[in-house]
Amino acid sequence: MGRVVEGTGGQRSGVGAGERETTNAMLRSVIDGIADLVYAKDAEGRYLLVNLAAADASGLRPDQILGHTDADLLPGPAAASLRAADRRVIASGLPHRSREEPVTPDGPRVYQALKAPTRDAAGRVAGVVGVSRDVTEEEQAQAARRRLLGRVHDIQEEERGRVAVGLHDGPLQGLATLGFKLARAKELLADGQTRPAMAVLGACEADVAGEVAALRRTMHDLRPLVLDQQGLAAALEDQAEAVRARAGLAACRLTMRLEGGRLDPAVEIALYRVAQQALANVADHAGATEVEVRLEQAPAGDVVLAVADDGCGFDPASVAGGGGGFQFGLTVMAERVEALGGRLTVRARDEGGTVVEARIPGPTATPAAPEGRPA
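(A) Geometry of the sheet that holds strand β6 (residues 111-119). Spatially, β2-β1-β7-β6-β3 is the arrangement adopted by the five strands of the open sheet, whose pairing is antiparallel. Both edges of this open sheet fall to β2 (47-50) and β3 (96-100), since each of them pairs with a single strand only. Within the sheet, the average angular offset between the axes of one strand and its neighbour, ignoring direction, is 25 degrees. Two strands pair when backbone bridges link them, and strand β1 (residues 37-42) and strand β7 (residues 125-134) are joined in this way by six bridges, in the antiparallel orientation. Note that in β7 the partner of Lys 41 across the bridge is Val 128. Where helix α5 (residues 76-92) meets the sheet, it contacts β1, β3, β6 and β7, and its direction lies at approximately 45 degrees from that of β6.

In structure tokens form, the structure reads like this:
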């Protein structure tokens with residue numbers, strides 16, 4: 001650290017050199033123990049004092065800084081910005097907060113600086129003392145949070161759009177058709193044509209049953225009740241069976257190996273959505289005949305969900321940066337898993353096909369799930 005500069009008013013009465021040295025040593029220890037950057041400059045911008053944190057941030061020793069100005073130590077634009085902030089403090093005689101973005105040996109950093117004037121024995125401004133706090137990681141975390149919130153909003157809007165399209169193309173069209181049929185039945189009854197009217201009403205009854213089933217599927221997609229009521233095992237079994245029937249798969253096997261019982265609700269819904277999207281990808285893109293869904297707890301406690309198919313595999317380039325809806329689905333899956341501190345991986349199988357694996361830190365268990373259920 002730099003020397004602690006004493007006043008110029010001479011030795012104080014009753015205070016010996018030994019006591020002053022002890023006081024200076026204590027001040028040096030206190031200032032060097034501060035994690036923030038602490039420094040003092042004279043009116044010309046020459047450094048009179050720096051603590052160890054300030055020296056470390058610059059990549060220099062304290063003795064390489066003391067007596068030098070920012071113009072001696074930093075690139076021109078950065079030095080000019082710091083000098084301008086110092087001059088504002090000296091000119092106003094008041095404390096001043098500023099944002100500083102110097103380039104350090106570790107790369108660009110962001111600091112929040114508080115600077116105040118120092119004064120001589122006559123009360124005149126003699127320089128500047130400052131404390132700068134590194135807020136780089138804090139600002140990066142805030143930026144990441146803003147990006148995440150933006151993605152959450154995007155996902156919500158995508159989900160709402162999908163629901164709106166599904167309702168428009170499904171139940172809404174069906175109900176409109178049902179209305180026409182009921183009007184026709186009314187006309188037939190008014191004409192006394194009871195038998196044809198009853199035939200139309202029978203068709204209406206079948207249409208109503210179909211629309212009820214469609215609405216139940218929509219509700220299931222939005223939030224499967226079986227997940228809340230019976231847990232992840234039952235929900236995955238239902239999903240596996242639905243995909244097996246939809247895609248005409250020869251088999252969609254489900255294997256469960258969990259210690260204890262139910263997982264944390266946030267983990268269950270995240271893993272369910274990953275499995276739902278992965279199985280939808282299989283049905284839409286893979287051309288597979290068999291799929292295995294595996295949920296287990298690793299020895300370290302992590303919960304692992306894997307969806308493996310024997311289909312056509314995938315192009316790594318599409319995962320890296322193309323792929324349209326397929327890529328969007330993978331992005332959504334990854335963000336769900338990463339939000340819980342986990343990781344999503346997608347890889348090709350040696351024997352053909354694809355494996356989507358989600359790994360979430362555990363343990364997170366709450367009363368017992370079955371070990372394995374073929375769907």
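(B) Molecular detail of the pattern of salt bridges. Inspection of the entire model under this criterion finds 23 salt bridges. Here Glu 139 makes a salt bridge to Arg 99, at a shortest N to O gap of 2.5 Å. Residue Glu 139 is found in helix α6 (residues 136-190), and its partner Arg 99 is found in strand β3; the two are separated by 40 residues along the sequence. Classification of Arg 99 as partly exposed rests on a relative accessible area of 43%. A salt bridge links Arg 184 to Glu 187; the nearest nitrogen and oxygen atoms lie 3.4 Å apart. Of this pair, Arg 184 and Glu 187 both sit in helix α6, separated by three residues, roughly a single helical turn. In this structure Arg 184 comes out as partly exposed when scored by relative accessible area, which is 42%. A relative accessible area of 46% means that Glu 187 is categorised as partly exposed. Connected via shared salt-bridge partners are Lys 41, Asp 70, Asp 86, Glu 100 and Lys 115.

(C) Spatial organisation of the side chain of Gln 276. Turning to its location among the elements, Gln 276 is positioned in helix α10 (residues 265-286). Residues within four places of Gln 276 in sequence aside, it is in contact with Asp 221 and Gln 239.

(D) Geometry of α6. For α6, which comprises 55 residues, the first-to-last C-alpha distance of 78 Å matches the rise-based estimate of 81 Å (1.5 Å per residue) to within 8%. A maximum bend of about 35 degrees is found in α6 at Leu 167, where proline Pro 171 lies one to four positions downstream. Residues of α6 that are buried: Thr 136, Ala 143, Arg 151, Ile 155, Pro 171, Gly 174, Leu 178, Ala 185 and Leu 188. Positive phi appears at Gly 192, one or two residues downstream of α6, with a value of about 80 degrees.

(E) Layout of the pairing of β7. Pairing of β6 with β7 involves nine bridges; the strand directions are antiparallel. Paired with Leu 114 across the two strands is Val 131, which belongs to β7. The hairpin turn running from β6 into β7, its antiparallel successor, is five residues long, and Gly 123 in that turn takes a positive phi close to 90 degrees.

The rules behind each value
Residues numbered from 1 in each chain as written. Predicted model: local features only at pLDDT ≥ 70, side-chain atom pairs only at ≥ 80, totals over all residues. Heavy atoms only, no water. Pairing = 2+ DSSP bridges. Helix = DSSP H or I, 4+ residues; strand = E, 2+ residues; numbered from the N terminus. Axes fitted to C-alpha atoms, helices over the stretch in contact; angles between N-to-C directions. Contact = heavy atoms within 4.5 Å. Salt bridge = Lys/Arg side-chain N within 4 Å of Asp/Glu carboxyl O. Buried < 20%, exposed > 50% of the residue type's maximum accessible area, 1.4 Å probe, protein only. Expected span 1.5 Å × (residues − 1). Bend = angle between axes of the 7 residues up to and from the residue.

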